[in-house]
Structures are given as structure tokens and as C-alpha cells.
Amino acid sequence: MRTVFDIKRLIRRRFDDKEVQRDMKPLPYKIVNKEGKPYVEVKLKDGETKVFSPEEISVMILTKMKETAEAFLGCSMMLTTKDAGVIVGLNVVRIINEPAAAAMAYGLYKKTEKRTSLFLMVVRPHYASNSLVDLA
């Protein structure tokens, strides 16, 4: 079995926890006990069997999600968004991701004495959302 899911349920748990024992019964992959912690046993393409911690599996999933998102959104979407801003008369300094925008807004709020407005645009594959943050 090479598809692993519901892995977050195992993070920071002990193998002998009642919840781990209950949750592992219907899973199509094998959960093994390694030093008292639940690990996932995976059969690789070449037939080799490897054992991974839930944290290692989570890192693999997040890495793949990041690669997919970067390939999907790529540079062309950022350039298109920047061009759209220029067309409507905005001075687009840079395109940043949503968490960075939130952190930036918080930082501006903390550091400024004067009234500042921040326009946030979040572009997703099927929609875009805009926010105007007024920092007094």
C-alpha cells in the first residue's frame, strides 16, 4: 500500500493509546510499533519496505503540496496579477502570499504612528478576494 492518509491522528501519540489502536483497524496500510510510537510501514515501488514516522509522512505530503502549488500558480499568475494592478492604477510593489500579507499588516499596525491603509489581494485558482485594511 503506497497511499497514506489520516496521518495527523498519529502525531505525538503512543502506539498503545486506545485511539491509535481504534483508528488503525480500518486503515489499509500497516501501523507498527517503533520505540512505543506508531510508525507507518510502506512498501516502495522497488518492493522494499520502509518505516516512517507520522511526522516524516506529513513532511512528504506538505512538500508535495508546496511543489504542486508552486507549479500551478507559478510566475505567470503573479505577473498577471501585478499587470492587472498596474492597469487599474495601483503602484504594485510586490506580490506576496496571504500569511506574509497578514504579518506585514500586523507589523505596520505595530510600527506606525500615522494612519496607513493596506490593500490585500488574495488570488486563488478559481477566485480572488480583496481586503482594505485601515491601520490608524
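A brief report on the enclosed structure follows. (Residues numbered from 1 in each chain as written. Predicted model: local features only at pLDDT ≥ 70, side-chain atom pairs only at ≥ 80, totals over all residues. Heavy atoms only, no water.)

## Description of the sheet that holds strand E3 (residues 49–52)
Here is step 1: Strand order in the open sheet formed by 3 strands is E1-E2-E3, with antiparallel pairing between adjacent strands. At either end of the open sheet lies a strand with only one pairing partner, and these are strand E1 (30–34) and E3. Strand-to-strand twist across the sheet, computed as the mean angle between neighbouring axes with direction ignored, equals 40°.
Here is step 2: Both strand E2 (residues 37–43) and E3 contribute to a ladder of 4 bridges, which runs antiparallel. The partner of valine 42 across the bridge, within E3, is lysine 50. (Pairing = 2+ DSSP bridges. Helix = DSSP H or I, 4+ residues; strand = E, 2+ residues; numbered from the N terminus. Axes fitted to C-alpha atoms, helices over the stretch in contact; angles between N-to-C directions.)

## What about the environment of lysine 82?
Here is step 1: Tracing the backbone through its elements, the reader meets lysine 82 in helix H2 (residues 54–87).
Here is step 2: The class of lysine 82 is partly exposed, set by a relative accessible area of 32%.
Here is step 3: Lysine 82 sits 10 residues away from valine 92 along the chain, and the two C-alpha atoms are 6.2 Å apart.
Here is step 4: Excluding its chain neighbours within four sequence positions, the residues that come into contact with lysine 82 are Val92, Val93 and Ile95. (Buried < 20%, exposed > 50% of the residue type's maximum accessible area, 1.4 Å probe, protein only. Contact = heavy atoms within 4.5 Å.)

## Concerning the pattern of salt bridges
Here is step 1: For the structure shown, the criterion picks out 4 salt bridges.
Here is step 2: Between aspartate 23 and arginine 9 there is a salt bridge, with its nearest N and O atoms 3.7 Å apart. You can see aspartate 23 sitting in helix H1 (residues 18–24) and its partner arginine 9 sitting in the segment before H1, a full 14 residues away along the chain.
Here is step 3: Assessed through its relative accessible area of 44%, arginine 9 is described here as partly exposed.
Here is step 4: Residues aspartate 23 and arginine 22 are paired through a salt bridge, measuring 3.3 Å at the closest nitrogen-oxygen approach.
Here is step 5: Residue class for arginine 22 comes out exposed when judged on its relative accessible area of 52%. (Salt bridge = Lys/Arg side-chain N within 4 Å of Asp/Glu carboxyl O.)

Nothing here speaks to function; it is all geometry.
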